[in-house]
Structure formats: C-alpha cells, structure tokens
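A structural walkthrough
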Amino acid sequence: MLISNLVFAQVIGRNVLYHLRSGKVIECKESFSSVCDNLLKFGCFVKTHRSYIVNMQYVDAIEKQQIVLQTLSTIPVAQGKVREIKQQYLKYQMEGV
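Residues numbered from 1 in each chain as written. Predicted model: local features only at pLDDT ≥ 70, side-chain atom pairs only at ≥ 80, totals over all residues. Heavy atoms only, no water.

Re helix α1 (residues 32-40)
Among the residues making up α1, those that are buried are F32, V35, C36 and L39. Projected down its long axis, α1 carries its buried residues within an arc of 100°, all on one side. In this structure, the buried side of α1 is in contact with β1 (6-12), β2 (15-20), β4 (45-49) and β5 (52-55). (Buried < 20%, exposed > 50% of the residue type's maximum accessible area, 1.4 Å probe, protein only. Helix = DSSP H or I, 4+ residues; strand = E, 2+ residues; numbered from the N terminus. Arc of directions from axis to C-beta. Contact = heavy atoms within 4.5 Å.)

In structure tokens, the structure reads:
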C-alpha cells in the first residue's frame, strides 16, 4: 500500500481500518499505537483524536471539532487539539513535503 493512497486510519475495537483514496477500506487486527508510531514517521500524518490518524495531504478544512477531508469524510478532533493540529498542518504546508 502506498502511503500517499492512505487518507486516514481509525481504530474500532481491536481493528484498525485503513481508508484509501479509492474509497476502499482495509481492516486489520493490530494495535493502533503501533500503526500511529509507523505512520507518524512519514511527517504527513497527524493524530487528531485517540481513534484517528489523518494524512494531511487530504485535508480540505480544519474546523473547531473536526477536519474535513477532500474525500468529504469528516474526522473528529480531540478537544483542545485544534490549535496544535493547525500548527502542524501549516508546518507541513510550508515544508511542501
């Protein structure tokens, strides 16, 4: 799987769901913390909530309690993390990763 095809990942119970650009969803049984550790190494991912990690390449808008993606998905943002996420997104945009 190409990282650029991954729009976001979410955890539901013990399963991690990988949401791809094509609309396909791949479900895996693995720990979300290890998924986050692996994805955060790439610099284009941001953890918006305890259950979500988002590829900033697909961010359309960052609102008060959610991120709207180009795929029209909305991802919740943990309370108090909006400012931090906006800063990370701005840094990502400036670096042109």
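A few points about the sheet that holds strand β3 (residues 25-29)
An order of β3-β2-β1-β5-β4 is seen for the five strands of this open sheet, with the pairing classed as antiparallel. In the strand order of this sheet, the two ends are held by β3 and β4, each with one partner. Across the sheet, the axes of successive neighbouring strands diverge by a mean angle of 20°, strand direction being ignored. Pairing between β1 and β5: three bridges, direction antiparallel. By the bridge assignment, F8 is partnered in β5 with V54. In the packing of α1 onto the sheet, the strands contacted are β1, β2, β4 and β5, and the crossing angle to β4 comes to about 145°. (Pairing = 2+ DSSP bridges. Axes fitted to C-alpha atoms, helices over the stretch in contact; angles between N-to-C directions.)

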